[in-house]
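Listed below, chain by chain, are the residues.
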Amino acid sequence: NAGAISPAAEVFPQIAIGVKKTKRSLNIRQIGILVDDIEKYLKNFVSIFDMKPWNIYKFSPEYVSYFEVGEKQLTEGYEFITCCFKFGNMEVELMQPVKGPNVYWDMLNKSGVGIHHVKDVMTNEELKHAVEDYKKSGINVLQCGHLDEDWHYYLDTKEKLSFTLELGNGGNIKDPVDRYPRN
């Protein structure tokens, strides 16, 4: 075809991908990227892609109503920062660990920065069933947390999928602690 690119629908036809474990279609709404210098990467995303503004959230005991790592609930001694940019029905999330236990340190130490997770969003009812279905099939929860009405569950899928699958409800989060770029 002399290098012509076909319309996207012809190259990548839309198909409903069923999730065998949960008997529902995937609803991918977020790509999470682990970083080691949040300010550097925010600046790069703005300068290269003109992606702005970013909402900045802090995950620490003062903001999070529930946080668990490796099936152990934590009430103190942890902190990480997330920055979110939404476009259409998708979101890019940058995450940087600051202190204490979380799944991010392990990835930074083993492989450095890069794609961390893909998020499948569903209702609260579907979320409860999906987490249990994955557990029954031997896929465990590595970390979970609740920030306002937003719930997340990171599943242990790195070896099977090359990334962590996040399940979440896409719930409302109160105002961010900051925005980028700052005025």
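Residues numbered from 1 in each chain as written. Predicted model: local features only at pLDDT ≥ 70, side-chain atom pairs only at ≥ 80, totals over all residues. Heavy atoms only, no water.

**Quick notes on the overall build of the protein**
Then step 1. Tallying secondary structure elements over the protein gives five helices and 13 strands in all.
Then step 2. Within the protein, the proportion of its 183 residues that are buried is 42%.
Then step 3. Looking at the protein as shown, the accessible area adds up to about 10,800 Å², and 52% of this sits on carbon and sulfur atoms. (Helix = DSSP H or I, 4+ residues; strand = E, 2+ residues; numbered from the N terminus. Buried < 20%, exposed > 50% of the residue type's maximum accessible area, 1.4 Å probe, protein only. Areas by Shrake-Rupley, 256 points an atom, 1.4 Å probe, with all protein chains shown as cover.)

**Some thoughts on the layout of surface pockets**
Then step 1. Here the largest pocket defines a volume of roughly 490 Å³.
Then step 2. Lining the largest pocket we find 27 residues, and of these Gln30, Glu91, Lys119, Asp150 and Ile173 sit closest to its centre.
Then step 3. Elements with a minimum of two residues in the lining of the largest pocket: strand 3 (28-34), strand 4 (54-59), strand 7 (79-87), strand 8 (90-99), strand 9 (114-121) and strand 11 (150-155).
Then step 4. Class assignment for the residues of the lining of the largest pocket results in eleven nonpolar, eight polar and eight charged. (1 Å grid on protein atoms, 1.4 Å probe; cavity = no way out; pocket = protein on both sides within 12 Å on 5 of 7 lines; lining within 4 Å. Points joined across faces, edges and corners; volume = space filled by probe spheres on them. Nonpolar A, V, L, I, M, F, W, Y, C, P; charged D, E, K, R; others polar.)

**Looking at the packing of aromatic side chains**
Then step 1. Inspection of every chain in the model, using the stated rule, returns nine aromatic pairs.
Then step 2. Between the aromatic rings of Phe45 and Phe49, the centroid separation amounts to 5.8 Å while the plane-to-plane angle is 45°, which identifies the pairing as tilted. Of this pair, Phe45 and Phe49 both sit in helix 2 (residues 38-49), separated by four residues, roughly a single helical turn.
Then step 3. Relative to Phe80, the ring of Phe67 lies with its centre 5.7 Å away and its plane at 45°, an arrangement referred to as tilted. Here the residue Phe67 occupies a position in strand 5 (residues 66-69), and Phe80 occupies one in strand 7, the gap between them amounting to 13 residues. (Phe/Tyr/Trp six-rings, centres within 6.5 Å; stacked < 30°, edge-to-face > 60°.)

**Section: the confidence of the model for the protein**
Then step 1. Overall, the predicted model of the protein reaches an average pLDDT of 88, with 87% of residues at or above 70.
Then step 2. Of all helices and strands in the protein, the one with the weakest mean pLDDT is helix 1 (residues 8-11) (42), whereas helix 2 scores best (98).
Then step 3. Under a pLDDT of 50 for its full length, residues 1-15 has, in the predicted model, two contacts with residues more than four places off or in other chains. (pLDDT = per-residue confidence, 0-100. Contact = heavy atoms within 4.5 Å.)

**Considering the nonpolar core**
Then step 1. Of all hydrophobic cores here, the largest spans 17 residues; its most connected members are Leu34, Phe59, Val64, Phe67 and Tyr104.
Then step 2. Among the elements of the structure, strand 4, strand 5, strand 7 and helix 3 (103-111) are those that each provide at least two residues to this core.
Then step 3. In terms of residue count, helix 3 provides more of this core than any other element does, four residues in total.
Then step 4. Beyond its immediate stretch of four places on either side in the chain, Phe59 contacts Val64, Tyr78, Glu79, Phe80, Thr82, Leu147 and His152.
Then step 5. Among the nonpolar cores identified, the runner-up in size contains 16 residues, and Leu42, Phe45, Ile81 and Leu94 belong to it. (Core = buried A, V, L, I, M, F, W, Y, C linked by side-chain atoms within 4.5 Å.)

**A look at the side chain of His116**
Then step 1. Topologically, His116 is positioned in strand 9.
Then step 2. In this structure His116 comes out as buried when scored by relative accessible area, which is 4%.
Then step 3. Among the polar contacts listed, one links the side chain of His116 to the side chain of His117, at a separation of 3.0 Å.
Then step 4. Ignoring any residue separated from it by four or fewer positions in sequence, one finds His116 in contact with Gly32, Ile33, Leu34, Met95, Val103, Tyr104, Met107, Tyr154, Phe163 and Thr164. (Polar contact = N/O pair within 3.5 Å; in protein donor to acceptor, adjacent residues only side chain to side chain.)

**Thoughts on unusual backbone geometry**
Then step 1. Residues Lys52 and Pro53 are joined by a peptide bond in cis, for which omega reads 0°.
Then step 2. Mapped onto the fold, Pro53 is located in the loop between helix 2 and strand 4.
Then step 3. In the segment running from Tyr180 into Pro181, the intervening peptide bond is cis, with an omega of 0°.
Then step 4. Considering the arrangement of structural elements, one finds Pro181 in the segment after strand 13 (178-180).
Then step 5. With a phi close to 65°, Glu71 is a non-glycine residue in the positive phi region.
Then step 6. Structurally, Glu71 is set in the loop between strand 5 and strand 6 (72-73).
Then step 7. Of note in the backbone geometry, Asp148 takes a positive phi value of approximately 55° without being a glycine.
Then step 8. Mapped onto the fold, Asp148 is located in the loop between strand 10 (141-147) and strand 11.

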